[in-house]
Amino acid sequence: MGALPSRSFHPIYLYTIRLITSRVSTDMDSPDSKTSVVNDAVTEAMIRAAVAKLDWPRLEHEYWEQDEFLYLNNFLPPEVLRVWEQELTTLRPRIHRNYIPGHKKGGSVGYDTMRVLAPAMDAVYRSQSFIQFLQKLVRAEIKECPESDPHRCALYAYTEQGDHIGFHYDTSYYKDRRYTVLFGLRDDSNSRLVCRLHTRNANRETEWMAVKLAPGTLVLFNGDKVYHAVTPLQKGEERFVLTLQYVTSEEMHWFWRFVSNMKDSIAYFGFRQVFFNRDPKV
Ligand SMILES: [Fe+2]
């Protein structure tokens, strides 16, 4: 008998194990802790390798030159994307639809559901290698949002004709800065993330940018600086985006907490999930 092939211990092989086990363990009340440990360790290795390949000087220049906005193609390893695709299938029945005339139409899944049904997405959110990469780029000690924040790690789903979001800032209700990371998950659409840069930079003319969030693409920006929208979905198209939020302070005044919760209830996740941390479909 020969020795086990060396690829048996390769992260991709372990990730395949994770993919198989994730299809078995979808019980909201019984997350598999051993699977979770494997998932976290492999994700960490994958993200560390992805960060090591980056052209750091170019990224840093782009981020600051674009007034704290970065668009980065093909950041996510295909092995991670394949597991995310599996998790997307599990998440689809949990999508909460919402419609605000003149501003927003689409669906979302909040963190309370994501942490159980999308552990590989949550693992990237919590990855220390990823957080350190972000900290270095934005030059701030950013950290995870509190677990009670449904935007911390959430899914945005554009699945019906006309799904879109109007122009807005990702305003920080926390006592300091809030950063948004978007990952393209699936994009069979002509929709674009349209951004207006330098809107609060008195020394520069504003710039427009329209980008497609293909699978594995990363977008990072300071929520209070980038004015952005998503153009309407056309008939027969689909678009899914993972959104991650990081902050420099976890503190929030009770009044702004109330405002933030009301906005999240109406525009994103529903009252039951935001105020009672419950997915109404579970
Ligand atoms: Fe936004």
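Residues numbered from 1 in each chain as written. Predicted model: local features only at pLDDT ≥ 70, side-chain atom pairs only at ≥ 80, totals over all residues.

Chemist: Mind laying out the overall build of the protein chain, listing which residues take part and the relevant values?
Modeler: Counting its regular elements, the protein chain contains 9 helices and 12 strands. Here the protein chain, with 282 residues, has 38% of them falling under the buried criterion. Of all intrachain contacts in the protein chain linking residues separated by at least 6 positions in sequence, the fraction that spans at least 24 positions is 81%. (Helix = DSSP H or I, 4+ residues; strand = E, 2+ residues; numbered from the N terminus. Buried ≥ 20, exposed ≤ 12 C-beta atoms within 10 Å, placed from the backbone. Contact = placed C-beta atoms within 7 Å.)

Chemist: So what about unusual backbone geometry? Which residues, and what values?
Modeler: A positive phi angle, close to 55°, is found at Asp 67, a residue other than glycine. Inspection of the secondary structure puts Asp 67 in the loop between α3 (56-65) and β1 (69-72). Residue classification places Asp 67 among the partly exposed positions, given that 19 C-beta atoms sit within 10 Å. Backbone geometry at Glu 68 places phi at a positive 70°, although glycine is not the residue there. With respect to the element layout, Glu 68 can be found in the loop between α3 and β1.

Chemist: Would you mind going over the nonpolar core in detail, with residue names and values included?
Modeler: Membership of the largest hydrophobic core comes to 60 residues, with the highest contact counts inside it found for Met 114, Met 121, Leu 134, Leu 155, Val 219 and Val 241. Look past the residues within four positions of Met 114 in its chain and what remains in contact with it is Val 109, Met 121, Asp 122, Cys 153, Ala 154 and Leu 155. (Core = buried A, V, L, I, M, F, W, Y, C linked by C-beta atoms within 7 Å.)

Chemist: Account for helix α6 (residues 119-126), naming residues and giving values.
Modeler: Counted residue by residue, α6 has 7 buried out of 8 residues, so it is predominantly covered. Buried within α6 we find Pro 119, Ala 120, Met 121, Asp 122, Ala 123, Val 124 and Tyr 125.

Chemist: Which residues make up the pairing of strand β7 (residues 178-188), and what values go with them?
Modeler: Judged from the 10 bridges that link them, β7 and strand β12 (residues 238-247) form a sheet pairing that is antiparallel. Following the sheet pairing, Leu 182 is matched in β12 by Thr 243. Pairing geometry for β7 and strand β10 (residues 218-222), over 5 bridges, is antiparallel. Bridged to Leu 182 within β10 is Val 219. (Pairing = 2+ DSSP bridges.)

Chemist: Outline the packing of helix α4 (residues 78-91) against α6, listing residues and values.
Modeler: Where α4 contacts α6, the axes come no closer than 8 Å and their chain directions differ by 130°. On the basis of their axis angle, the class for α4 and α6 is oblique. Residues Val 80, Val 83, Trp 84 and Glu 87 of α4 form the contact with α6, whose own contacting residues are Ala 120, Met 121 and Val 124. Across the contact of α4 with α6, the residue classes break down as 6 nonpolar, no polar and 1 charged. (Axes fitted to C-alpha atoms, helices over the stretch in contact; angles between N-to-C directions. Parallel < 35°, antiparallel > 145°, perpendicular 65-115°, else oblique. Nonpolar A, V, L, I, M, F, W, Y, C, P; charged D, E, K, R; others polar.)

Chemist: An account of the environment of Ala 214 is requested, with residue identities and associated values reported.
Modeler: Tracing the backbone through its elements, the reader meets Ala 214 in the loop between β9 (207-211) and β10. Overall, Ala 214 belongs to the exposed group, with 12 C-beta atoms counted inside 10 Å. Residues Ala 214 and Val 241, spaced 27 residues apart in sequence, show a C-alpha to C-alpha distance of 9.3 Å. In this structure Ala 214 touches Gly 184 and Asp 187, once residues within four positions along its chain are discounted.

Chemist: Tell me what's going on with the pairing of strand β3 (residues 104-109), and back it up with residues and numbers.
Modeler: Burial within β3 is extensive, with 5 of its 6 residues counted as buried. Pairing analysis gives 5 bridges linking strand β2 (residues 96-100) to β3, with the strands arranged antiparallel. Directly across from Tyr 99, in β3, lies its bridge partner Lys 105. Linkage of β2 to β3, two consecutive antiparallel strands, is achieved through a turn of 3 residues, within which Gly 102 is found at a positive phi near 85°. When β3 meets strand β6 (residues 164-168), the two strands line up antiparallel, connected through 2 bridges.

Chemist: Any chance you could break down the confidence of the model for the protein chain for me, citing the residues and the numbers?
Modeler: Should the pLDDT be low somewhere, the predicted coordinates at that spot are not to be read in detail. Per-residue confidence for the protein chain gives a mean pLDDT of 86, with 82% of residues at or over 70. Here helix α1 (residues 11-24) stands out as the element of the protein chain with the lowest mean pLDDT, 48, in contrast to β1, whose mean of 98 is the highest. Across residues 1-9, confidence stays below pLDDT 50; counting only partners more than four residues off in sequence or on other chains, it has 2 contacts. Per-residue pLDDT stays below 50 along residues 19-31; that stretch engages in 17 contacts with residues further than four places along the chain or on separate chains. (pLDDT = per-residue confidence, 0-100.)

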